[in-house]
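Chain and residue survey
What follows is each chain in one-letter form.
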Amino acid sequence: MISNSYWNPWFGKLTLNAIPTDSLVAMGAASIAVLGAVGTIVLITVFGKWRYLWSEWATSVDHKRIGIMYVVLSLVMLSRAVIEAIVIRLQQAVSVNHSGFLAPEHFGQLFTTHGTIMIFFMIMPFLTGLINYVVPLQIGARDVAFPVLNSISLFLTAAGAFLIMASLVLAPFSTGGWTGYPPFTGIEFNPGVGVNYWIWSVSLASIGSTLTGINLIVTIYKKRAPGMRLMFMPLFTWTSLCVAIMMIFAMPPLTVATALLALDRYLGMHFFTSGAGGNMMNYINLFWEFGHPEVYIIVLPAFGVFSEVFATFSAKALYGYTSLIVATMAIAVLSFTVWVHHFFTMGQSANINAAFGIATMLIGIPTGVKIYDWMLTMYRGRVRFTSPLLWAIAFLVTFVIGGLTGILLSVPPIDFMVHNTTFLIAHFHNVIIPGSLFGMIAGYQYWFPKAFGYRLDERWGRIAFVCWTAGFYLAFMPLYVLGLKGMPRRSVETFQSSFEPWLLVAAVGSLLIAGGLISLGIQLYVSIRQRDRARVAAGDPWDGRNLEWSTSAPPPEYNFAVLPHIEGRYPFYQMKKLGHAYPQQKTYQPIKMPKNSGLGPTIGVASAALCFGLVWYIWWLAIVGTAVIIAAIIVRSFNRNTMRVISVEDIEHTEARWHAILAAAVPVSRDQENVPANVGLAEFMS
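Only a predicted model underlies this, so the values are computations on that prediction, with no experimental measurement involved.

Attention now goes to the overall build of the chain. Check the secondary structure of the chain and you find 20 helices and 2 strands. Projecting the C-alpha coordinates of the chain onto the three principal axes gives extents of approximately 75 × 55 × 45 Å. Pairs at least 24 residues apart make up 83% of the contacts formed inside the chain by residues separated by at least 6 positions. Here the chain has roughly 27600 Å² of accessible surface; of this, 69% comes from carbon and sulfur atoms. Treating the 41 positive side-chain charges of the chain as one cloud and the 30 negative ones as another, the clouds have centres 5 Å apart.

Printed below as a string of structure tokens:
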């Protein structure tokens, strides 16, 4: 039931006790969060960029800018999640026969926020950002189908991330893990506000992802350039389409699960209370009906990235294009048939376990097809070991190891033996980090020149790659050993001295991963400083095959002055082969584009206020947030002036400037990709 222990009607349960003062680690984290926010506000104010950020970014409905904002949000959240992972590993390394430096409650919050951030606020925004930026360009569209809805999705996700960050300063967060299983997350066992933070942050992210899925499906179905049949679409677009379909089927069960859990906590209902007519297994089924498709929601876009990277840097067409598409669709379908393997030990019959074990094994077949197709794409290709390709090759090796351990876990008796041990942690990270994060970083390295008009520094990219991959193996391979030795996961301390060497190695690995993250930051800093030497304004630094490389870098707001007509699977490659990759039009037509809209940021801020009010039982704030959302939607519905026209003169000026760059550029060979001579005009090699 709702607690009446309010401080006062204005602040609900929020008191000064919410400020973490009982732990130096918690105080340090809160201080960093506050100083980071204040420092950002001060810098923006000093440089006078508030108007610029509002008019050019926050209110923009350009799919490219929204994609970039998603990736920026993801990288910020990645930084926090990596720091938390290091703290977890260090705590376990020093807690053999010792209590360590973290209290059990704080440790529980850390592994909950780490998992929640990595799944909902790092990987999901990262892949959504890449999809947002790249897919409309790949299909020859000027924008997504619903640009304003795209903005709303972004700011709903940002509102959820705000709640996660607020929990650093106004603690505590949930200790119930990223899955939030009842009864531990029920009001009886967990009466604080921590679970509320988790419920509302995840709900906001889930709603945002559902809206994104709808938007992407309509965009890919309805916005393709003339002549682009489905079987002409690039593999990244294909994986994005399958992911979008999965989003609209997988996210609603999660939203329902968190909504029912909220009703249990706020209104005293008993959906998941076994002694009062409920059933906690209903929650677990709902969660994993989302949770296992989610694994492939975050992996399939990376598969799409790898398909682009292997083909481009092997200078070959993808081997087995059709089989890759069929495999992608098979994975998307099978991902909805395996959720019970997440609770093989919870009492269902042996027949059910066997059925889901077989389904889990089957999903390895289309994944294996993809692995062989990618290897055959490189076979006899003119392979260039650039940073994006290094990440892709590391994925091939590492993901296969994780996949094989997944096949082991699909056997119910084996799963029973290692259930709730660090073996599961090793397997999960062995699949997700190379299968998703490596792919996102490869995509970031690959498409960065297209988005910003200059290449990333290759040297620091390689350093980041070495730190990440070496750190990964050191951090997670010991966990397989520890799991087989019987170490439970989520252990704040242990009394087995034989675990200590393995835990120390894992801690060193986590520090190396931090070095990889820092190296990515240094790479970005160095690249910005040296951007004039790495300009690729002509737009095609890698000798690409798909339409995104046929525009300037960065592309104009309208993407294509004239929508291309597609006649084959690799349209830009065919244009270059025929010698008319960059046709100059004699006349242009005005282009209609959507106007900027404040609806997205308004709904985002109001949603953050609404959910923060619900977290702390500040009812007036929740009511105001709800009222603002409703009012903003109503006001927007009466606005008919939503489009603006880009004049022929502006289009001619933009296109003339780009063609002047093309005319002055000297085509460079693949060996010169990372030298200043490459201004974005790659030498065509059939």
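Next comes the rest of the write-up.
As a further point, take unusual backbone geometry. Following Ala171, the chain continues into Pro172 via a peptide bond in cis, with omega recorded as 5°. By the element assignment, Pro172 lies in the loop between helix 5 (147-169) and helix 6 (194-222). Residue Pro183 follows Pro182 across a cis peptide bond; omega there is 10°. Residue placement: Pro183 occurs in the loop between helix 5 and helix 6. Its identity as a non-glycine residue notwithstanding, Arg490 has a phi of 60°, on the positive side. In this fold, Arg490 is placed in the loop between helix 15 (458-485) and helix 16 (500-529).

A word on the nonpolar core. Core analysis: the biggest nonpolar cluster contains 192 residues, and Phe306 and Trp374 have the highest contact counts within it. No other element matches the 20 residues that helix 8 (residues 280-314) contributes to this core. The contacts of Trp374, once residues within four sequence positions are left out, are Phe303, Phe306, Ser307, Phe310, Leu318, Leu324, Phe395 and Leu396.

Turning our eyes to something else, we now look at the side chain of Thr128. Its location among the elements puts Thr128 in helix 4 (residues 104-138). Thr128 sits in the buried class, given a relative accessible area of 4%. A distance of 2.6 Å separates a polar atom in the side chain of Thr128 from the backbone oxygen of Met124. Contacts of Thr128, omitting those with residues within four sequence positions, involve Tyr70, Thr212 and Met247.

The subject of this paragraph is a nonpolar patch on the surface. Residues Val34, Val38, Val42, Leu43, Val46 and Phe47 make up a contiguous nonpolar surface patch of roughly 570 Å² in combined accessible area. Structurally, Val38 is set in helix 1 (residues 24-46).

The next point concerns the pattern of salt bridges. A side chain of one charge can pair with a side chain of the opposite charge if their charged atoms are brought near each other. Evaluation of the coordinates by the stated rule reveals 10 salt bridges. Among the salt bridges present, the one from Asp62 reaches Lys64, with a minimum N-O distance of 3.0 Å. With respect to class, Asp62 is no different from Lys64; both count as buried. The closest approach of N and O atoms between Arg384 and Glu673, which form a salt bridge, is 2.2 Å.

Taken N-terminus to C-terminus, the directions of helix 9 (residues 321-334) and helix 11 (residues 364-378) make an angle of 155°; their axes are 8 Å apart at the nearest point. Compared by their axis directions, helix 9 and helix 11 come out roughly antiparallel. Considering the relative orientation of helix 9 and helix 11, their crossing is left-handed. Together, Ser323, Leu324, Ala327, Thr328, Ala330, Ile331 and Leu334 of helix 9 and Pro366, Thr367, Val369, Lys370, Asp373 and Trp374 of helix 11 make up the contact between the two elements.

Evaluation of the coordinates by the stated rule reveals 45 aromatic pairs. Taken together, a centroid distance of 5.5 Å and an interplanar angle of 70° make the contact between Trp374 and Phe395 edge-to-face. Of the two residues, Trp374 sits in helix 11 while Phe395 sits in helix 12 (residues 387-409), which places them 21 residues apart along the sequence. Judged by relative accessible area, which is 0%, Phe395 ranks as buried. Feature note: the residues Phe120, Trp178, Tyr181, Phe272, Tyr283, Phe287, Trp288, Phe290 and Phe428 constitute an aromatic cluster, connected by ring pairs. One Lys or Arg, Lys49, reaches over the ring of Tyr52 and ends 5.3 Å from the middle of that ring. Lying across the ring of Tyr570, Arg545 places its NZ or CZ 5.5 Å from the centre.

What follows is about helix 14 (residues 422-452). Its maximal kink placed at Tyr446, helix 14 deviates by approximately 40°, while the proline Pro449 follows within four residues. With its phi angle positive at about 85°, Gly453 sits one or two positions after the end of helix 14.

A few words now on the packing of helix 3 (residues 63-94) against helix 16. Two numbers describe how helix 3 lies on helix 16: the axes approach to 8 Å, and their chain directions differ by 160°. Here helix 3 is positioned roughly antiparallel relative to helix 16, judged by the angle of their axes. In this structure, helix 3 meets helix 16 at a crossing whose hand is left-handed. Where helix 3 approaches helix 16, its residues Leu78, Ser79, Val82, Ile86, Arg89, Leu90, Gln92 and Ala93 are matched on the opposing element by Glu500, Leu503, Leu504, Ala506, Ala507, Ser510, Leu511, Ile513, Ala514 and Leu517. By residue class, the composition of the contact of helix 3 with helix 16 is 13 nonpolar, 3 polar and 2 charged.

Rules of the game
- Residues numbered from 1 in each chain as written.
- Predicted model: local features only at pLDDT ≥ 70, side-chain atom pairs only at ≥ 80, totals over all residues.
- Heavy atoms only, no water.
- Helix = DSSP H or I, 4+ residues; strand = E, 2+ residues; numbered from the N terminus.
- Contact = heavy atoms within 4.5 Å.
- Areas by Shrake-Rupley, 256 points an atom, 1.4 Å probe, with all protein chains shown as cover.
- Lys, Arg positive; Asp, Glu negative; His and termini not counted.
- Charge placed at Lys NZ, Arg CZ, Asp CG, Glu CD.
- Core = buried A, V, L, I, M, F, W, Y, C linked by side-chain atoms within 4.5 Å.
- Buried < 20%, exposed > 50% of the residue type's maximum accessible area, 1.4 Å probe, protein only.
- Polar contact = N/O pair within 3.5 Å; in protein donor to acceptor, adjacent residues only side chain to side chain.
- Patch = residues over 30% accessible without salt bridge, like charges linked within 9 Å, V, L, I, M, F, W, Y side chains within 5 Å.
- Salt bridge = Lys/Arg side-chain N within 4 Å of Asp/Glu carboxyl O.
- Axes fitted to C-alpha atoms, helices over the stretch in contact; angles between N-to-C directions.
- Parallel < 35°, antiparallel > 145°, perpendicular 65-115°, else oblique.
- Left-handed = near helix turned anticlockwise from the far one by under 90°.
- Phe/Tyr/Trp six-rings, centres within 6.5 Å; stacked < 30°, edge-to-face > 60°.
- Lys NZ or Arg CZ within 6 Å of the ring centre and 35° of its normal.
- Bend = angle between axes of the 7 residues up to and from the residue.
- Nonpolar A, V, L, I, M, F, W, Y, C, P; charged D, E, K, R; others polar.

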